[in-house]
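# Analysis of the macromolecular model
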There are 2 protein chains.
Amino acid sequence: MANRNLYLSNTPVEEALSKYLAALEGLLNPKFEEIPAQESLDRITSEAVYARFSSPLFNAAAMDGITVKASAAAGARESNPLVLKETEDFIYVNTGDKLNHPYDAVIMAEDLIQADGERSVKIIESPSAWQHVRPIGEDIVAGEMIIPGRHKIRPVDIGVLFSGGITSVNVYSRPRVAIIPTGNEIIDISHLQNGEAPEEGRIIESNARMFEAQVKRAGAEGLRFDIVPDSYELLKSAVLKAADDFDMVLINAGSSAGTEDFTVQALRETGDVIVHGVAMKPGKPVILAVVNNKPVIGTPGYPVSAYLSFETFASPVLSVLTGSKEKAMQKTEAVISRRIVSSLKHREYVRVKTGRVDGRLVASPLARGAGAAMSLVRADGFCVIDQQSEGIEAGETAKIELCHSIEEIDRTLVAVGSHDLILDMISDMMSCKYGINLASTHAGSMAGLTALKRGECHIAPVHLLDEDTGGYNKGWIKKILPDKDISLIKGVGRVQGLIVKKNNPLGIKSIADICRCRFINRQRGAGTRLFLDHLLKGEGINPGSIDGYTREGVTHMAVAAAVHGGSADAGLGITSAAKALDLDFIPMGEEEYDFALFSNLLKSEMINIFIDVLKSPGFHQKLDGYTWAYAGEIVSL
Amino acid sequence: MANRNLYLSNTPVEEALSKYLAALEGLLNPKFEEIPAQESLDRITSEAVYARFSSPLFNAAAMDGITVKASAAAGARESNPLVLKETEDFIYVNTGDKLNHPYDAVIMAEDLIQADGERSVKIIESPSAWQHVRPIGEDIVAGEMIIPGRHKIRPVDIGVLFSGGITSVNVYSRPRVAIIPTGNEIIDISHLQNGEAPEEGRIIESNARMFEAQVKRAGAEGLRFDIVPDSYELLKSAVLKAADDFDMVLINAGSSAGTEDFTVQALRETGDVIVHGVAMKPGKPVILAVVNNKPVIGTPGYPVSAYLSFETFASPVLSVLTGSKEKAMQKTEAVISRRIVSSLKHREYVRVKTGRVDGRLVASPLARGAGAAMSLVRADGFCVIDQQSEGIEAGETAKIELCHSIEEIDRTLVAVGSHDLILDMISDMMSCKYGINLASTHAGSMAGLTALKRGECHIAPVHLLDEDTGGYNKGWIKKILPDKDISLIKGVGRVQGLIVKKNNPLGIKSIADICRCRFINRQRGAGTRLFLDHLLKGEGINPGSIDGYTREGVTHMAVAAAVHGGSADAGLGITSAAKALDLDFIPMGEEEYDFALFSNLLKSEMINIFIDVLKSPGFHQKLDGYTWAYAGEIVSL
């Protein structure tokens, strides 16, 4: 247990950031460059831009018509029309044409009456001086500030730059950020032979790739270094080189307290470690250091921790160098659907899936593990629980930081309930064809109905066997949502069975055989678990006698993965999950996988698109191991 | 008056768009391409992406500590500690390490007690199987959909792509858009000799530059053509070539009804004009056409019309080709500060400046002319007035489409009132140094005080001479805002005088001399106009005897520009405006330019930053023709 850095500090987030920025005071010097105006989109001005020319540059006709000298056309009335002669009294102009002395007014084409004489017009109203004239400088006056400093240039700004005679602008240079992935277990994807999976025990490098994109989003340029193995000397020399050549350095992993975590030692030796350990979750073991007067941040290895430590610490530092004033995330409020308990030890970033259900923005917490990168992908945002708070009760309104726009969330059909791979297919078809998102949380059938009841989702995918009637879904819905106007959109018929290793080495044939192998079950409330209990009861088997009855996978795929990975010999699940991982499958029974929803939603556009997809031949063609005779049909309960 | 296309249709916006999309049905075929995953940031997937590998690929330690076989470590209790031997009973693991058979549980380093024997540890709690283990596929299961189709790829998605073993993704190709600027009067900025202003009557091309950026923002690639002169044949051949080689064509200007407007004729001859003339303002004369099965849009020449016709018609067409689901603008609600009257003839897009004043989001309409490109630059968004609406009353809440985030608006200090060039300097300094925006609307001193009263702004820049006392500002504030707790932040002393042509060719010396020249006045309510009236009264001059007393410029710079451009001989204004355009200046008196605000705002961060800037030597150094002895001092009223 030598060399373990067990003792991280637990510095509060704001304090850690201010300490770090204070240590960097005077060291973060943005650079500037002059670039052509037409290449300046999304760059940030380093100083105000002043117009060189006025716009318009001259007094110009604001309408199509004729220009006249107002004083010479005075006195025209309905009862006293005035005839004007071309060239002598007026000339024709189009919008934008220059008004030349002595003309000082424009009469619109619509107000002109055909006169008898050739090249003449009649008017019945006298013009006032400067009417329908865009005076010189009306839009922009030479010398006027057209764009302030530290402003992110938009398309309209570019238009105005050109109108104002500006061909180049001074902007913040993009800072250069070195990204150093570390760790013996990490392998670059390009080193995989023929696209094979990495050998066991190794992990594909992904955080540095994510950082590269985060750095780009932040308006900087990232350069990924080769992966540095767990060697103190190699890491030290990589850090020193990076801190020499770059404006900022990010080191991934090696920031925790394991035996191979050299990062903090390397940073202590090469520079100053300002903070090691922050009261945030995920992201606690972050290291904030200064080497060679450059900011160097050691980020934790778990993807969610890595992401959050970038957003929380690297982003504010970078924004000093890029001039950016933007916050990545928009703030809003949402009703929290399930109780979130959090410790007073840290600020916690709980990923949430949000949806507009019944007019309310509802946020449901997702998986909280630091390793759950998919929870970041699925999340619409974060519910940030302050260090001083012990959590949020279900039904309370809380502040949410959104990763994308409210409009996007409003275009999302929220499903909570049982998991099936067809949800992915439907999601893809809805998104590609209709621009509507389907966000599904895999919580099991029972949890789906409860979420429906609490107004947390639009639809609940369910497959619940009613033992009394032998029928599916209706019975349970009436039990859990009595007196509610619920309908069922019929989904697919699917086969449940035992998922076992390829070629079934243990020769599993019946449900009784699971007593002699390592089993993996589904979580409580999952329809599949109810079905297992039903099968066990039928055979008179005591659940306690099954090795692994209490081990829970939360999706069919998680169960299949455990069997595929060898940590379990069998699990109950659907055909498609076994097929996806090329496993053997022993059918145990067919069931109905449907979608419960409040009947008033049947009129909504999103639900109608959902039903259209369920009924579409394109969807049916993709099904393998399912029946779809009733798909999309509506059953009132 | 031959060949005038006076007769545009007035098709409602939605109808025009659906007609156009219907005519393009089957013609807009997005193209797809396969690109490396690390280059996919902000690209849009053309199909769902499924994981190739699981993540983790193996059962992995979720904590630093030791791995054990749970069954072999059973029975440990506080009263019955168990000693485990390295290699025999356990091995040390770091977070992320693979668990090898037969180990099936992890005990955290924190729960280990030093044992007496070498290479031994003691535990006082027995582990349960699979505790602190990240099971294979916990995050991603091979075969699972990780990213849906038609999804814009973010940094977190890139991380997950790599974790899932994906090295390339199929995305929408960027459509190619031809941008054709037209018009004899238009000149490319690169053709100006030595950066000289264009010769009179010519206009610097700016809309195609703006389109290029809009096209890029929309996820497409724009190519600007050389400017096509007003020649029917040249235009026709440019359009035909562009419709051959590109996915979409934008033609700028020539969409109205002037004599030189060939566009609609060229499009009628080369293809089908679906709509010419839409009930929107600005933007009415837009042409929606199909040439060679490609969308071709003729956009009006005024910058605001050009911008809006792109957003309204080009954007939705492009999004079919790019796969984008994003709306450019976020929607919110704001209190409308001043009455907006709109015609039933069209949907009107009124640019608004918004600010958070006293907790309310307030939107003030800006200049409504189609030529006012600066109003687009200054706007925070649009208040869209439906064709069925005659407008919005002051104080009503209306829907606003925002161009930037609420956070940005919340960081904006809103000034409405008198214009001075120092506002630009202060704005620049606040933005660059503190990231705070100063948005100033030039409405004149009186209008500023009224805006303050109505809660439309934070500060009102004023310079109002009290004729009774000869003092500045205090008297008028008490008159207009009686019984309110108002303070004054002292600004600068500045000199007002007559702005005349360089070398003063008319020999203007006193206020009486303006009776013998063409004058340009300021708008009613402007402090400068009050000062003029005061001077005229002193000299006993009748305003009616002044040629141009009723001609109004809305800023000092607009007045200076009129003199500079030759349409006026003299105007009253401040030194710095004359200096900016190299004009002569005859001083008439010094005045106090200050900032009125509600006293409770003095505590706010934005106001304190504003005061800091007013007091800063950096600001004083930039002043030329001003005094600043009291700048930043606070006067209670």
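Everything in this summary refers to the structure shown in the same document. Treat the numbers as computed from the prediction; the structure is a model and nothing was measured. (Residues numbered from 1 in each chain as written. Chains lettered and ligands numbered in written order. Predicted model: local features only at pLDDT ≥ 70, side-chain atom pairs only at ≥ 80, totals over all residues. Heavy atoms only, no water.)

### Describing the side chain of Ser418(A)
Residue and element names in this part refer to chain A. Tracing the backbone shows Ser 418 in the loop between β29 (412-417) and α9 (422-434). A polar atom in the side chain of Ser 418 sits 3.0 Å from the side chain of His 463. What Ser 418 contacts, discounting residues up to four positions off in sequence, is Leu 423, Gly 444, Ser 445, Pro 461, Val 462, His 463, Arg 494 and Tyr 593. (Helix = DSSP H or I, 4+ residues; strand = E, 2+ residues; numbered from the N terminus. Polar contact = N/O pair within 3.5 Å; in protein donor to acceptor, adjacent residues only side chain to side chain. Contact = heavy atoms within 4.5 Å.)

### Comments concerning the relation of the copies chain B and chain A
Relating one copy of the chain to the other takes a rotation about an axis and a shift parallel to that axis. In screw terms, the move from chain B to chain A is a rotation of 180° and a rise of 0.0 Å along the axis, fitting with an RMSD of 0.1 Å. Seen this way, the second copy is the image of the first under a two-fold rotation axis. Looking at chain B, 100% of its interface residues are interface residues in chain A too, so the copies touch through the same face. (Least-squares fit on C-alpha atoms with pLDDT ≥ 70 in both.)

### Focus on the sheet that holds strand β8 (residues 113-114) of chain B
Residues and elements named next belong to chain B. Pairing is antiparallel across the open sheet formed by three strands, whose spatial order is β5-β9-β8. Edge positions in the open sheet fall to β5 (82-85) and β8, since each of these has one partner strand only. Where β5 and strand β9 (residues 120-123) come together, four bridges link them in antiparallel fashion. Its bridge partner being in β9, Leu 82 is matched across the sheet by Ile 123. (Pairing = 2+ DSSP bridges.)

### Here's the deal with the interface of chain B and chain A
Counting from both sides, the interface comprises 110 residues of chain B and, opposite them, 110 residues of chain A. When chain B packs against chain A, the two sides together hide about 9,300 Å² of surface, and 59% of this comes from carbon and sulfur. Applying the counting criterion to the chain B and chain A interface returns four salt bridges. Arg378(A) serves as the salt-bridge partner of Glu144(B), at 3.0 Å between the closest nitrogen and oxygen. Applying the counting criterion to the chain B and chain A interface returns 34 residue pairs in polar contact (both at pLDDT 80 or more). (Buried area = accessible area lost by both parts, 1.4 Å probe. Salt bridge = Lys/Arg side-chain N within 4 Å of Asp/Glu carboxyl O.)

### What to know about helix α12 (residues 527-539) of chain A
All names here are of chain A. Taking 1.5 Å per residue, 13 residues should reach 18 Å; α12 reaches 19 Å between its end C-alpha atoms and fits that length. Among all positions of α12, only Gly 527, Thr 528, Arg 529, Phe 531, Leu 532, Leu 535 and Leu 536 are buried. At the exit of α12 stands Gly 540, carrying a positive phi of roughly 70°. (Expected span 1.5 Å × (residues − 1). Buried < 20%, exposed > 50% of the residue type's maximum accessible area, 1.4 Å probe, protein only.)

### So, the environment of Asp594(A)
Residue and element names in this part refer to chain A. Its location among the elements puts Asp 594 in strand β36 (residues 584-598). Spatially, the C-alpha atoms of Asp 594 and Leu 464 are 9.4 Å apart, while their sequence positions differ by 130 residues. The residues contacting Asp 594, other than those within four sequence positions of it, are Ala 460, Pro 461, Val 462, Asn 473, Leu 488, Ile 489, Lys 490 and Gly 491. Looking at Asp 594, its side chain comes within polar contact range of the side chain of Asn 473, at 2.8 Å.

### A short note on the environment of Asp245(A)
All names here are of chain A. As for its position among the elements, Asp 245 is in helix α4 (residues 232-245). Exposure remark for Asp 245: the relative accessible area of 38% places this residue in the partly exposed category. Sequence separation of Asp 245 and Ala 178 is 67 residues, and the distance between their C-alpha atoms is 8.5 Å.

### A few points about helix α1 (residues 13-24) of chain A
Residues and elements named next belong to chain A. End to end, α1 covers 17 Å across 12 residues, agreeing with the expected 16 Å (1.5 Å per residue, within 8%). Within α1, burial applies to Val 13, Ala 16, Leu 17, Tyr 20 and Leu 24. All buried residues of α1 lie within an arc of 95° about the axis, which places them on one face of the element. The inward-facing, buried residues of α1 contact β18 (272-276), β19 (280-281), β20 (287-291), β21 (294-299), α6 (303-322) and β24 (347-357). Looking one or two residues beyond α1, the residue adopting positive phi is Gly 26, at roughly 85°. (Arc of directions from axis to C-beta.)

### Side note on unusual backbone geometry
The omega torsion across Ser55(A) and Pro56(A) is -5°, close enough to zero to call that bond cis. Its place among the elements puts Pro56(A) in the loop between β2 (49-50) and β3 (60-61). Omega for the peptide link from His101(B) to Pro102(B) comes to 5°, which places this bond in the cis form. Note on placement: Pro102(B) falls in the loop between β6 (91-93) and β7 (105-108). Notably, His132(B) is not glycine yet its phi reads approximately 55°, a positive angle.

### Regarding the pairing of β9(B)
Put simply, side chains in a regular strand alternate between the two faces of the sheet. Residues and elements named next belong to chain B. Here two bridges tie β8 to β9, and the two strands are oriented antiparallel to one another. Paired with Ile 113 across the strands is Lys 122, a residue of β9. Where β8 folds back onto β9 in an antiparallel hairpin, the turn is made up of five residues, including Arg 119, whose phi is positive at roughly 50°.

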